[in-house]
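As a plain string of letters, each chain reads:
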Amino acid sequence: MGMNHDMIGHVYPPSQPYLVTAEKISAFVKALGDTNPAYADGTVAPPTFSIVVTMNAMDTAFHDPALQLDYSRLVHSDQKFEYLRPIRVGDELTVSASVEEIKPLGTNEIATFKTDVFSGSELVVTGWSKIVVRGPEA
Amino acid sequence: MTLKISDLSVGMELPALALTFTRADLVAYAHASGDLNPIHQDEAFAKSVGLPDVIAHGMLTMGRAIQVVTNWVGDPTAVMDYSVRMTRPVVVPDTAEGSIVNFTGKVAQINDDGTVQVELGAVFGDVKVLGLAKATVRLAQ
């Protein structure tokens, strides 16, 4: 049994607002081991900081019973971000996640989720996450 | 010194980076990112689901690979898009040395609009851990 193809095009309600603080940026930068002086004052977030909010929004989708996705067999295979502007301290981020694609790949299934990240009404970054749900072992 | 598009040529290599991944790094990344999946922290759990050991978050590897670009450009907000395929995991043993991943980049395309596409590489041992990794940056003319 695979994912529910009727969910292609489904748009999830916006996520709860996430306030970007200097502490959250600094913890992320430190965990990356990134010593770029541009991050020293915690005002601008690194390019992949977006995943903090997009992954959380996708988790809601992954666990949606209507999607029929076997979370225990899920692997995150591809990630893409397009930036309209960097995420900055003080941004209140919400994410609109949608199911862009579901299709078979051999015995596996792949799905692409699109995540639009807004600060207020301004679109700041769009992410695409492709996942593979491994089929039954042969 | 500001990097200028007129100084670049296709095929030019960016300064490479060798970065260490330790278990402590994975714990820090788990908390900073909110990805608390035990395959990135708990050796017994990782092995129980068929992995050789604890593995790094693919997004940590992605977040480190772009440093080749942002260190080169200086300004991380010059990045306009960034994409990767997570082809293989970075396995992280419980040792002080951890695992070393070698990150590389080269200029793949110079566009008329002042943007540059960089192709990135990430190799752990002799295994490519990222594929199709590329970023577009905007530079001064």
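What counts and how
Residues numbered from 1 in each chain as written. Chains lettered and ligands numbered in written order. Predicted model: local features only at pLDDT ≥ 70, side-chain atom pairs only at ≥ 80, totals over all residues. Heavy atoms only, no water. Buried < 20%, exposed > 50% of the residue type's maximum accessible area, 1.4 Å probe, protein only. Helix = DSSP H or I, 4+ residues; strand = E, 2+ residues; numbered from the N terminus. Pairing = 2+ DSSP bridges. Contact = heavy atoms within 4.5 Å. Buried area = accessible area lost by both parts, 1.4 Å probe. Salt bridge = Lys/Arg side-chain N within 4 Å of Asp/Glu carboxyl O. Polar contact = N/O pair within 3.5 Å; in protein donor to acceptor, adjacent residues only side chain to side chain. pLDDT = per-residue confidence, 0-100. Core = buried A, V, L, I, M, F, W, Y, C linked by side-chain atoms within 4.5 Å.

### A look at helix 2 (residues 51–62) of chain A
Next, step 1: The buried count for helix 2 of chain A comes to nine of twelve residues, which makes it a mostly enclosed element.
Next, step 2: For helix 2 of chain A, the set of buried residues is Ile51(A), Val52(A), Val53(A), Thr54(A), Met55(A), Ala57(A), Met58(A), Ala61(A) and Phe62(A).

### Thoughts on the sheet that holds strand 4 (residues 108–119) of chain A
Next, step 1: Pairing in this open sheet of ten strands is antiparallel, and the strands run 1(A)-3(A)-4(A)-5(A)-2(A)-2(B)-5(B)-4(B)-3(B)-1(B) from one edge to the other. If you trace the sheet from one side to the other, it starts and ends with strand 1 (18–19) of chain A together with strand 1 (17–21) of chain B, each paired once.
Next, step 2: Taken together, the twelve bridges between strand 3 (residues 92–105) of chain A and strand 4 of chain A define a ladder with antiparallel strand orientation. Residue pairing for strand 4 of chain A: Ala97(A) is matched across the bridge by Thr115(A).

### Focus: the interface of chain A and chain B
Next, step 1: Taken residue by residue, the interface counts 24 residues in chain A and 24 residues in chain B.
Next, step 2: Among the residues chain A hides against chain B, the three largest losses belong to Ala31(A), Leu32(A) and Tyr83(A). Together they make up 23% of the total.
Next, step 3: Across the contact surface, chain A and chain B share one salt bridge.
Next, step 4: In this structure, Asp78(A) engages Arg85(B) in a salt bridge whose closest nitrogen and oxygen atoms are separated by 2.8 Å.
Next, step 5: For the interface between chain A and chain B, the tally reads nine residue pairs in polar contact (both at pLDDT 80 or more).
Next, step 6: Elements that contribute at least two residues to the side of chain A that touches chain B include exactly helix 1 (22–32), helix 2 and strand 2 (74–83) of chain A.

### So, unusual backbone geometry
What you tend to see is this: most non-glycine residues have negative phi, and most peptide bonds are trans.
Next, step 1: With a phi close to 55°, Gln68(A) is a non-glycine residue in the positive phi region.
Next, step 2: Topologically, Gln68(A) is positioned in the loop between helix 2 and strand 2.
Next, step 3: Under the relative-accessibility criterion, Gln68(A) is labelled partly exposed at 36%.
Next, step 4: Of note in this structure, Leu132(B) is not a glycine but carries a positive phi near 50°.

### Things to note about the confidence of the model for chain A
Next, step 1: Confidence along chain A averages 94 in pLDDT terms, with 98% of residues attaining 70 or more.
Next, step 2: By mean pLDDT, helix 2 of chain A is the weakest element of chain A at 92, and strand 1 of chain A is the strongest at 97.

### Structural notes on the side chain of Arg64(B)
Next, step 1: Its place among the elements puts Arg64(B) in helix 3 (residues 58–65).
Next, step 2: With near-sequence residues (within four places) excluded, Arg64(B) lies in contact with Ala31(A), Leu32(A), Gly33(A), Leu19(B), Thr20(B), Phe21(B), Asp25(B) and Phe103(B).

### Some points on the nonpolar core
A general feature of soluble globular proteins is that nonpolar side chains tend to end up buried together.
Next, step 1: Counting 78 residues, the largest nonpolar core has Phe113(A), Trp72(B), Tyr82(B) and Leu139(B) as its most contacted members.
Next, step 2: In terms of residue count, the dominant contributor to this core is helix 2 of chain A (eight residues).
Next, step 3: Each residue touching Tyr82(B), except ones within four places of it in the same chain, is listed here: Thr48(A), Gln79(A), Lys80(A), Phe81(A), Tyr83(A), Met62(B), Ala65(B), Ile66(B), Leu120(B), Lys134(B) and Ala135(B).

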